[in-house]
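Architecture and fold: a report
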Amino acid sequence: MSLDAARQYLLGDGSDALIAFMAAQSVDLAQTGDTSLPKARAVELGWLDPVTEQRTATGIFVSDSCREYLFWQKRDRKLPFENTLAHLGRAVFKDKHVCEIGAGMGANLMSLATTNTKLCGVEPVDAYIVLGDIFREREGLEPIEIRIGGAEALPFEADEVDLILLVSAHQYFDIHLALKEIARVLRPGGELILIGGTLWPYFTQIGRQVIAGKSSPKDFLITVTNTLSYMAFGRRIIPSRSGFSTARPVYPTRAAMKRWMRAAGFEQVVEPDSIEDETCFFVKQSGIE
Ligand SMILES: C[S@@+](CC[C@H](N)C(=O)[O-])C[C@H]1O[C@@H](n2cnc3c(N)ncnc32)[C@H](O)[C@@H]1O
């Protein structure tokens, strides 16, 4: 069943239970009440395999989106870093043309919907865009234009955007190409806020999980190998076989990211901050007041 046909189930009666059920398929969330009806619906919609009860490919996109939607509600519909980094409050985005790249279902853009901002997004996975539209309808928000595409060839003219936002997204890009593209589409003096993982926090956090048996050692080794090869040669030496857009992350060091941003023509607005295990870079096109 197509996601469009599933729209009524995510908006109508029983949708709260269905969203909670699907979110819990991707992350350990406490479930209350009888889950037999949402489970039957998820099977009917083709999101769960009827035999194994595992998520189908579409079910993975749906459960990821439901999880992000619930997290967004839980943080009072705010940006994930809004309470932690005062200099990145909504005022930074006000009256600008803001684009989030790797927007997923668009929860961050939904937080900005009340600022006086022209919003848009870019996302390669069509299912996330369709699901985001449904969640925005649920919230009574205006539609937000999310263009299908990738960071390496942005669907914008030169100098079109004032501020680009990346949240937990750069690690899936060809970062060198993406930085060039971002520099192209930003107007002179335009800003880039990039929040995501870097090598040392990834290595220590996931390394501990591997030792505790909570993360796959194979995935850890692939990610570290790809990160080091990306830093050395500009490419991942272990490609993905699944084709999922998030299958092969890399976590270059904070110093490498700063160097690459400088080479792409950016200067620091503030020194990078740490937010839990993530690093926040705030830079702008250099040479312009
Ligand atoms: C972890 S999700 C983050 C979504 C969103 N930024 C958020 O914070 O909720 C990463 C997103 O990046 C997208 N992505 C992966 N490769 C990409 C690429 N080359 N260009 C643009 N987006 C990409 C994925 O499809 C996914 O939606």
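Only a predicted model underlies this, so the values are computations on that prediction, with no experimental measurement involved.

Below, the discussion takes up the site of the ligand. Neighbouring the ligand are 19 residues, the closest being Glu-100, Gly-102, Glu-123, Val-167 and Ser-245. At 3.0 Å, a side-chain N or O of Asn-108 approaches an oxygen atom of the ligand. Glu-123 places a polar side-chain atom, nitrogen or oxygen, 2.7 Å from an oxygen atom of the ligand. The fraction of the free accessible surface of the ligand (600 Å²) that becomes covered by protein chains is 86%. Split by residue class, the shell around the ligand holds eight nonpolar, seven polar and four charged.

The next point concerns the packing of aromatic side chains. For the structure on display, the rule yields nine aromatic pairs. Pairing Trp-200 with Phe-203 gives two aromatic rings, centres 5.8 Å apart and planes at 20°, and the pair type is stacked. Here the residue Trp-200 and the residue Phe-203 both occupy positions in helix 8 (residues 199-211), the gap between them amounting to three residues, near one helical turn. Given the relative accessible area of 36%, Phe-203 is considered partly exposed. Aromatic side chains Tyr-202 and Phe-220 sit 5.9 Å apart centroid to centroid with 25° between the ring planes, which places their arrangement in the stacked category. Linking Tyr-202 in helix 8 with Phe-220 in helix 9 (residues 217-233), this pair joins segments that are 18 residues apart in sequence. On the accessibility criterion, Tyr-202 (11% relative accessible area) is buried.

This brings us to the domain arrangement of the protein. Frequently, the measure chosen for interface size is the accessible area removed from exposure when the parts meet. Under the domain assignment used here, the protein contains domain 1 (3-70) and domain 2 (86-198 + 252-285). The straight-line distance from the C-alpha centre of domain 1 to that of domain 2 is 28 Å. Across the contact, 15 residues belong to domain 1 and 13 residues belong to domain 2. Counting the contacts that link domain 1 with domain 2 gives two salt bridges. When the shortest N-O distance is used, the salt bridge between Arg-138 and Asp-16 registers 2.6 Å. Linking domain 1 with domain 2 are seven residue pairs in polar contact (both at pLDDT 80 or more), by the criterion used here. Contributions of two or more residues to the side of domain 1 that touches domain 2 are made by helix 1 (3-11), helix 2 (15-26) and helix 4 (57-74). For the side of domain 1 that touches domain 2, the element with the most residues is helix 4, which contributes seven residues. In terms of residue class, the side of domain 1 that touches domain 2 is built from eight nonpolar, two polar and five charged.

On to the pattern of salt bridges. Summed over the entire model, instances satisfying the criterion amount to 15 salt bridges. When the shortest N-O distance is used, the salt bridge between Asp-95 and Lys-94 registers 3.4 Å. Note on Lys-94: relative accessible area 44%, which makes it partly exposed. Between Glu-145 and Arg-147 there is a salt bridge, with the nearest N and O atoms lying 2.9 Å from each other. The structure contains a network of salt bridges with shared partners spanning Arg-55, Asp-64, Arg-67 and Glu-68.

This paragraph deals with the packing of helix 7 (residues 175-185) against helix 10 (residues 254-263). Relative orientation of the contacting elements helix 7 and helix 10 amounts to 40°, with a least axis distance of 10 Å. Here helix 10 runs oblique to helix 7, going by the angle between their axes. The chirality of how helix 7 crosses helix 10 is right-handed. Contacts from Ile-175, His-176 and Leu-179 in helix 7 reach Met-257, Trp-260 and Met-261 in helix 10. Here the contact of helix 7 with helix 10 is built from residues that sort into five nonpolar, one polar and no charged.

Our focus in this paragraph is unusual backbone geometry. Phi is positive for Arg-77, close to 65°, though the residue is something other than glycine. Judged by its relative accessible area of 35%, Arg-77 is partly exposed.

Turning next to the sheet that holds strand 1 (residues 97-101). Reading across the sheet, the seven strands line up as 3-2-1-4-5-7-6 and stay open at both edges, with mixed pairing between neighbours. What marks the edges here is a single partner per strand, and that holds for strand 3 (145-148) and strand 6 (266-275). Between one strand axis and the next, the sheet turns by 15° as a mean value, whatever way the strands run. Looking at chain direction, strand 5 (residues 186-197) and strand 7 (residues 278-285) are connected through seven bridges and run antiparallel.

Turning next to the packing of helix 4 against helix 6 (residues 126-138). One way to put it is that helix 4 packs onto helix 6 with a least axis distance of 10 Å and a crossing angle of 40°. With respect to helix 6, the axis of helix 4 lies oblique. In the crossing of helix 4 with helix 6, the sense of the turn from one axis to the other is right-handed. Each of Phe-61, Val-62, Asp-64, Ser-65, Cys-66 and Tyr-69 in helix 4 lies in contact with helix 6, whose residues at this interface are Ala-127, Tyr-128, Leu-131, Phe-135 and Arg-138. Taken together, the residues of the contact of helix 4 with helix 6 break down into eight nonpolar, one polar and two charged.

Parameters and conventions
- Residues numbered from 1 in each chain as written.
- Predicted model: local features only at pLDDT ≥ 70, side-chain atom pairs only at ≥ 80, totals over all residues.
- Heavy atoms only, no water.
- Near = heavy atom within 4 Å.
- Polar contact = N/O pair within 3.5 Å; in protein donor to acceptor, adjacent residues only side chain to side chain.
- Areas by Shrake-Rupley, 256 points an atom, 1.4 Å probe, with all protein chains shown as cover.
- Nonpolar A, V, L, I, M, F, W, Y, C, P; charged D, E, K, R; others polar.
- Phe/Tyr/Trp six-rings, centres within 6.5 Å; stacked < 30°, edge-to-face > 60°.
- Helix = DSSP H or I, 4+ residues; strand = E, 2+ residues; numbered from the N terminus.
- Buried < 20%, exposed > 50% of the residue type's maximum accessible area, 1.4 Å probe, protein only.
- Domains from an automatic or database assignment.
- Contact = heavy atoms within 4.5 Å.
- Salt bridge = Lys/Arg side-chain N within 4 Å of Asp/Glu carboxyl O.
- Axes fitted to C-alpha atoms, helices over the stretch in contact; angles between N-to-C directions.
- Parallel < 35°, antiparallel > 145°, perpendicular 65-115°, else oblique.
- Left-handed = near helix turned anticlockwise from the far one by under 90°.
- Pairing = 2+ DSSP bridges.

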